[in-house]
Amino acid sequence: MLGLATAVLTAVGSAHAQDTSPGSAEAGATVFKRCMACHQVGPDAKNGVGPVLNGVVGRAAGTYPDYSYSAANKDSGLTWDEPTLTTYLRAPRKLVPGTKMTFAGLSKDQEIADVIAYLKQFNTQGQKAAP
């Protein structure tokens with residue numbers, strides 16, 4: 001019985017993983033427009049309602065300079081790697097209860113992959129990495 005359950009979960013997980021193609025930075029630029037009310041990227045980016053997202057992929061949560069993070073975010077112990085960002089972007093308040101981020105999340109796996117691909121382009125100074 002355990003073997004059957006494992007096989008079913010593996011098949012479901014594999015099918016789910018195949019639903020999402022690798023992220024497209026170009027498509028992610030379009031998705032990111034929903035984020036721009038609070039976040040900026042690029043060489044002239046400034047903190048606003050949310051922190052600057054330059055160099056966010058790989059950065060420890062709650063550490064961008066001169067941004068007033070919630071205690072929940074600062075104390076989360078998270079690093080914004082791709083799996084963590086994927087979970088967070090799907091349901092921010094579920095992963096980090098008490099976060100100031102009011103955005104409910106993105107529901108489509110492909111949009112999440114795309115926006116992460118877009119953000120990965122920007123180094124900590126906001127310069128786009130060469131393709």
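What counts, and at which threshold
Residues numbered from 1 in each chain as written. Predicted model: local features only at pLDDT ≥ 70, side-chain atom pairs only at ≥ 80, totals over all residues. Heavy atoms only, no water. Phe/Tyr/Trp six-rings, centres within 6.5 Å; stacked < 30°, edge-to-face > 60°. Helix = DSSP H or I, 4+ residues; strand = E, 2+ residues; numbered from the N terminus. Expected span 1.5 Å × (residues − 1). Buried < 20%, exposed > 50% of the residue type's maximum accessible area, 1.4 Å probe, protein only. Arc of directions from axis to C-beta. Contact = heavy atoms within 4.5 Å.

## Here we look at the packing of aromatic side chains
Here's step 1: Enumeration over the complete set of coordinates arrives at four aromatic pairs.
Here's step 2: Each ring, one from Trp80 and one from Tyr88, has its centre 4.7 Å from the other, and the planes form 50°; the classification is tilted.
Here's step 3: Aromatic rings pair up to connect Phe32, Tyr118 and Phe122 into one cluster.

## Digging into helix 6 (residues 109-120)
Here's step 1: Over its 12 residues, helix 6 runs 17 Å from end to end, which matches the ideal 16 Å to within 8%, given 1.5 Å per residue.
Here's step 2: Summarising burial for helix 6: 10 of the 12 residues are buried, a large majority.
Here's step 3: Turning to helix 6, its buried residues are Asp109, Glu111, Ile112, Ala113, Asp114, Val115, Ile116, Ala117, Tyr118 and Leu119.

## Details of helix 4 (residues 82-90)
Here's step 1: Taken together, the buried positions of helix 4 are Thr84, Leu85, Tyr88 and Leu89. Around the axis of helix 4, the buried residues are gathered within 125° of arc, so they sit on the same side.
Here's step 2: Elements in contact with the buried residues of helix 4: helix 3 (71-74), helix 5 (92-95) and helix 6.

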